[in-house]
Structure formats: structure tokens, C-alpha cells
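Overview (structure and organization)
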Amino acid sequence: MALTDELRSRIQETIDANRVVLYMKGNKMFPRCGFSASVVGALDEMGVEYETVDVLSDPDIRQGIKEFTEWPTIPQLYVDQEFVGGSDIIKQMVATGELHKMLGVSFEEVQPPTVQLTNTMVEAFQAAAADQEGHIRIEISSDFRYGVGFTPKSPGDLEVESNGVTILFDRASAKRADGMTLDFADGGIKVDNPNEPASVGNLSVQELKALLDDGAEMSLFDVRTTDERATASIGGSVLYDEAGRAQLAGLAKDALIVFHCHHGGRSMAAAQEALQQGYSQVYNVAGGIDAWSSHVDPSVPRY
């Protein structure tokens, strides 16, 4: 579709109404391409308010914004009614502090992180480097997903040497990498990063049985209904009703806490809620009591 006067007006109205607006694939909560996600991550990192426009939900806008800006790719960032650039330009501006200055955000100096590579990781990098150009780069997203590749050095990069290997980090990744250890085992990179937020662990029914048999100090909460619990239950579990929630509230934040339900869905939701409350050792029983009946204790009825 050609850029009509009506479509041009729609785009201009959105740009005029928002100091910072990002035309992207998806939205700030659910980016639907890596380039859009990288710009969202940069803006979130700086703590600025911004509006997003999902070009995937409006084909006219998807094509129209390219013609409006005379820029062929998405995402596109506007600040104070002026086009700033796409993901590569934004990345460079973040690295140099230029975007911070444009948005009135202080530019924090970041120190190179301390990173440890095991000998097997060094060997794997050296083998990969034989037919690659550039330097090893490690990127860590705001939700701690990792990217490893070989790229040229860019302005603002932080350079780290570990075990004889040079690694590049952008500023945001560097802040998330301090104290990280990388190992290479079972054909893949294993990351131990103390900066990662706590996450819900998966516990198999066999592992749960071993903990119960060993008399481990833990709290096992059953998030099912009272009727379900009357049909089948795991010994030592506590119904996660009002009294169960009160019991959880009285536990130390580093207590071992395990949730189970019928198949694992409801208990995962409860486990994630416990994480948000500050508990750090939270597990969900994979497969729930149905897996317990199938693989541990056949005397527990299935339903």
C-alpha cells in the first residue's frame, strides 16, 4: 500500500503524541523479533517511558512507516518527533552514551567484568576460531538469554581476557556478566552466572521421593482442591489453602519449597508466585501427582 495522506497523518499523530515511540514487531511486553527485543531491552535498561507500535498487527503501518521514514527495516525509534535509527544504530548510540544524552539519562561507566573460562571452554573457543573472523562476543539479554559469536569490535565494547582468551561485551551484557564462569561439556556451553535471578527448578518425582526418603528439611505444598486431595495425596504434603499460605509466609526466604498439583501447571504458577515473594529455593514437581502414581507409588489412585 502506498503512503496515503491519511496514513501519513496517522503516523505523524502517533509520533507527535509521544516523546519516545518505537515501531517494532510485537510490543514492549512481547517482542517478536530479536532486533526489536534488543531496542526494547536498551530502553528498559535506561528506565525511560516510551510507546510501541506493533507493525505486525497493521500491514498498512508496517509498509507505511518504511516509506514515511525512508528507512527499509524495522524497528524504528523516534525521539522528540525525530527519527533516530534502527537496531544497529541504537546499539552504537547506547554503547557511546549518545542515546542516554538524547533522552536525558545519566550515562553510567561500566567496568569490564570478571569472567572465568574453563580449560575445555578455551579449547572449544580456539577450535571455533580457526575458521572465524573477529573476536568472541558474549551477549546477555535482560532475561538472561545468552548469545555467543564472532564479531568485529564496536565502539563502547568492553574487552575482557580470561585464560588467554579475549572476549567482547557490550555495556548491558557486561553488567550482567561479572563473576560468570563458562564451561564446555556434553557438546554445549554451560553457564554459571551469579547475576541470574532465581528461577523455579524442576523436580522429578524420583528426586522428590529421594528427598522424602532422606528426611530432607523442606515444605511440600499441594495446590489442588480438597476434593482432589481426598482422592489422592502424597505423604508429607500440605494443602496450599489459607493455612498453607500462612505456613509459607512463616518460612525463611532460603527454605527449600516444593509445589505439586495434578500435572504440574497449577503448581508452577504457585511456585512462580513464591519466587516473586522473595523465596530463592523453589521447585515444581514435573508431572505432578499423576507422575508420582505412575513412576513412584502405584497405590496412589490416578484420576
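Being a predicted model, the structure only gives us computed values, none of them experimental.

Criteria and cut-off values
- Residues numbered from 1 in each chain as written.
- Predicted model: local features only at pLDDT ≥ 70, side-chain atom pairs only at ≥ 80, totals over all residues.
- Heavy atoms only, no water.
- Pairing = 2+ DSSP bridges.
- Helix = DSSP H or I, 4+ residues; strand = E, 2+ residues; numbered from the N terminus.
- Contact = heavy atoms within 4.5 Å.
- Axes fitted to C-alpha atoms, helices over the stretch in contact; angles between N-to-C directions.
- Phe/Tyr/Trp six-rings, centres within 6.5 Å; stacked < 30°, edge-to-face > 60°.
- Buried < 20%, exposed > 50% of the residue type's maximum accessible area, 1.4 Å probe, protein only.
- Lys NZ or Arg CZ within 6 Å of the ring centre and 35° of its normal.
- Core = buried A, V, L, I, M, F, W, Y, C linked by side-chain atoms within 4.5 Å.
- Expected span 1.5 Å × (residues − 1).
- Arc of directions from axis to C-beta.

The five strands lie next to each other as E12-E16-E15-E13-E14, forming an open sheet whose pairing is parallel. Looking at strand neighbours, the two that pair on one side only are strand E12 (201–203) and strand E14 (238–239), the edges of this open sheet. Where strand E15 (residues 256–260) meets strand E16 (residues 281–285), four bridges bridge the pair, whose relative direction is parallel. Its bridge partner being in E16, Phe259 is matched across the sheet by Asn284. Along the sheet, helix H10 (residues 242–249) makes contact with strand E13 (219–222), E14 and E15, crossing E13 at roughly 155 degrees. The strands touched by helix H11 (residues 265–276) within the sheet are E12, E15 and E16, with E16 carrying the most contacts at an inclination of about 175 degrees.

Looking now at the packing of aromatic side chains. As enumerated under the stated definition, the model contains seven aromatic pairs in all. Ring centres of Tyr240 and Phe259 lie 5.2 Å apart, and the angle between their planes is 80 degrees; on these two criteria the pair is classed as edge-to-face. Of this pair, Tyr240 sits in the loop between E14 and H10 while Phe259 sits in strand E15; the two residues are 19 residues apart in sequence, bridging distant segments of the chain. As far as the burial class goes, Tyr240 and Phe259 line up, both buried. Through successive ring pairs, a cluster of aromatic residues spans Tyr23, Phe68, Trp71, Tyr78 and Phe83. Residue placement shows Lys28 over the ring face of Tyr50; its charged tip is 4.1 Å from the ring centre.

This next bit is on the nonpolar core. Within the largest apolar cluster, 20 residues are counted, with the highest numbers of intra-cluster contacts made by Val115, Leu117, Ile167, Phe169 and Met180. Breaking this core down by element, the ones donating at least two residues are strand E5 (115–117), helix H6 (119–129), strand E6 (135–140), strand E8 (158–162), strand E9 (165–169) and strand E10 (180–185). Here this core takes four residues from H6, the largest share from any one element. The next biggest cluster of nonpolar side chains, apart from the first, holds 18 residues, and it includes Val20, Leu43, Val79 and Val84.

Here helix H1 (residues 5–17) is 13 residues long and its end C-alpha atoms lie 18 Å apart, about the 18 Å a rise of 1.5 Å per residue gives. Taken together, the buried positions of H1 are occupied by Leu7, Ile11 and Ile15. Summarising the axial view, the buried residues of H1 lie within an arc of 70 degrees, below the 170-degree limit, and thus occupy one face. Turned more than 90 degrees away from the buried face of H1 sit Asp5, Glu13 and Ala17, all of them exposed. Looking at the packing, one finds that the buried side of H1 touches strand E1 (20–24), helix H3 (59–69) and strand E3 (76–79).

Let us now look at unusual backbone geometry. Omega for the peptide link from Ile74 to Pro75 comes to 15 degrees, which places this bond in the cis form. For Pro75, the location among the structural elements is in the loop between H3 and E3. Backbone geometry at Asn163 places phi at a positive 55 degrees, although glycine is not the residue there. Assignment of secondary structure puts Asn163 in the loop between E8 and E9.

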